[in-house]
Amino acid sequence: MDTRQLEYFVAVADELNFTRAAQRVFAAQSTVSAGIRSLERELGGALFERDPHRVGLTPLGRQMLDAARDTLEAAERMRALADTTGGLRGQLSVGVFTNLTTIDLPGIMGEFHTRHPLVDLRLGPSPSGSTGLAKDVRLGRIDVAFMGLPGRLPDLLYQRLAVSPFVAVLPDSHPLASRPMVMLADLASERWVDAREGFGNRITLDRALEARGIDRRVSTEVSDLGEIPRFVAARLGVAVMPALTVLPAAGTVTVPVGDGIDWVLSAVARPRPSATAQALLGLLAEHFGEPAVMPAVAGTTPQESAGVPRWKA
């Protein structure tokens, strides 16, 4: 077997779809199918159950998947060690937020490119927000992800970047717009604009509302956090967002929320990241002063963030 066959296997296992897997590894679908068949012959058993409607891993496939990932990661480390040029090369896939303009992500990536010009960058969001980005990292679809889920994920390398308080985004004509501070209970009866379920900011806010016994009506959901203030300006509802994610919109005001809720921006990677992923995490540590830490015990909370840079509105 060769590593390319293993790449095909891992891609199909992640996507459970030969067409998407072929797109991911930049190969023809027929090439991926042939590589899988060759691997199955060498291993002496089927890796996938196939029918016209679905693709699924067989028991053998499930047993082999972690070993295949480990082999690919080891092969990448060997290539890095054998590189006599002293420079990283390859591809780095990064999950990002489309609206995180208050952090100079282009500048960080530009600096990364200057240091590692032979590494190609692939940046993109997930339609299901931080939940989808974390899943993509676990499955090996992307190498590093920026995410805003509360607490630490127990099975991923975790690097805290910043902590942001929540603010209310209100139409400028709203009765509470002139207050120096509002509480979540003040907004309970309003219509709300928010991100879709799965986004880290919404999960954090929903937990805070539940802890206070507050029910709300989310009448408008959007998949781009940066658009929320514009929908508030259109009088579709109020919003409560991390200050770090708010893009100012004409016709709105932001008011601090007095409930003491914080949103934690983090970067995550698999426990044994590639050399390129390690390089990006190192660069982020330089910018934000927080080194990456190994997978944490489940249950760590955002309140355990003493010493993390706090973003100021």
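Residues numbered from 1 in each chain as written. Predicted model: local features only at pLDDT ≥ 70, side-chain atom pairs only at ≥ 80, totals over all residues. Heavy atoms only, no water.

1. Side note on the overall build of the chain
And step 1. The helix and strand tally for the chain stands at nine helices and 11 strands.
And step 2. Taken across its 313 residues, the chain has 49% of its residues classed as buried.
And step 3. A separation threshold of at least 6 residues defines the contact pool for the chain, and within that pool the share at least 24 residues apart is 73%.
And step 4. For the chain, the accessible area works out to roughly 14800 Å², and carbon and sulfur atoms hold 54% of it. (Helix = DSSP H or I, 4+ residues; strand = E, 2+ residues; numbered from the N terminus. Buried < 20%, exposed > 50% of the residue type's maximum accessible area, 1.4 Å probe, protein only. Contact = heavy atoms within 4.5 Å. Areas by Shrake-Rupley, 256 points an atom, 1.4 Å probe, with all protein chains shown as cover.)

2. Brief notes about the layout of surface pockets
And step 1. Of the volumes computed, that of the largest pocket is approximately 1400 Å³.
And step 2. The wall of the largest pocket is formed by 49 residues, among which Gln91, Ser93, Gly140, Arg141 and Asp143 lie closest to the centre.
And step 3. Looking at the lining of the largest pocket, the elements with two or more residues in it are helix H1 (3–15), helix H2 (18–24), helix H4 (59–82), strand E3 (89–95), strand E4 (118–124), helix H6 (129–138) and helix H9 (275–288).
And step 4. Considering every element that reaches the lining of the largest pocket, the biggest residue donor is H4, with seven residues.
And step 5. Residues belonging to the lining of the largest pocket are distributed by class as follows: 19 nonpolar, 12 polar and 18 charged. (1 Å grid on protein atoms, 1.4 Å probe; cavity = no way out; pocket = protein on both sides within 12 Å on 5 of 7 lines; lining within 4 Å. Points joined across faces, edges and corners; volume = space filled by probe spheres on them. Nonpolar A, V, L, I, M, F, W, Y, C, P; charged D, E, K, R; others polar.)

3. So, the nonpolar core
And step 1. Phe146, Leu184, Val240, Leu265 and Leu284 are the most contacted members of the largest nonpolar core, which totals 58 residues.
And step 2. Those elements that provide at least two residues to this core are E3, helix H5 (105–115), H6, strand E5 (144–147), strand E6 (157–171), helix H7 (200–211), strand E11 (262–269) and H9.
And step 3. The residues touching Val240, leaving out its near neighbours within four places in the chain, are Phe166, Val167, Ala168, Leu184, Leu187, Trp192, Leu205 and Val257.
And step 4. Core analysis: the next-biggest nonpolar cluster, separate from the first, contains 21 residues, Val12, Ile36, Phe48 and Leu65 among them. (Core = buried A, V, L, I, M, F, W, Y, C linked by side-chain atoms within 4.5 Å.)

4. Examining H6
And step 1. Most of H6 is tucked away, with seven of its 10 residues classed as buried.
And step 2. What H6 keeps buried is the set Gly129, Ser130, Gly132, Leu133, Ala134, Asp136 and Val137.
And step 3. Each element contacted by the buried residues of H6 is listed here: E3, E4, E5, H7 and E11.
And step 4. Where H6 terminates, the next one or two residues include Gly140, which has phi positive at roughly 80°.

5. A closer look at the environment of Arg4
And step 1. Structurally, Arg4 can be placed in helix H1.
And step 2. The class for Arg4 is partly exposed, based on a relative accessible area of 32%.
And step 3. Here the alpha-carbon distance between Arg4 and Val32, two residues 28 residues apart in the chain, equals 9.3 Å.
And step 4. Apart from residues no more than four positions distant in its own chain, Arg4 is found in contact with Val25, Phe26 and Ala27.
And step 5. Among the polar contacts listed, one links the side chain of Arg4 to the backbone oxygen of Val25, at a separation of 2.7 Å. (Polar contact = N/O pair within 3.5 Å; in protein donor to acceptor, adjacent residues only side chain to side chain.)

6. A short note on the confidence of the model for the chain
And step 1. Of all residues in the chain, 90% attain a pLDDT of 70 or more, and the chain-wide mean is 86.
And step 2. Note that residues 296–313 has pLDDT below 50 and, in this model, 35 contacts with residues that lie over four places away or in other chains. (pLDDT = per-residue confidence, 0-100.)

7. Some words on the pairing of E6
And step 1. Across the 15 residues of E6, 15 count as buried, placing the element largely inside the fold.
And step 2. Of the pairings in the sheet, the one linking E6 to strand E9 (residues 239–242) comprises four bridges and is antiparallel in character. Following the sheet pairing, Val169 is matched in E9 by Ala239.
And step 3. Judged from the five bridges that link them, E6 and strand E10 (residues 252–256) form a sheet pairing that is antiparallel. (Pairing = 2+ DSSP bridges.)

8. Let's talk about the environment of Arg24
And step 1. Within the secondary structure, Arg24 is located in helix H2.
And step 2. Discounting chain neighbours no more than four positions away, the residues touching Arg24 are Val10, Ala11, Asp14, Glu15, Leu139, Gly140 and Arg141.

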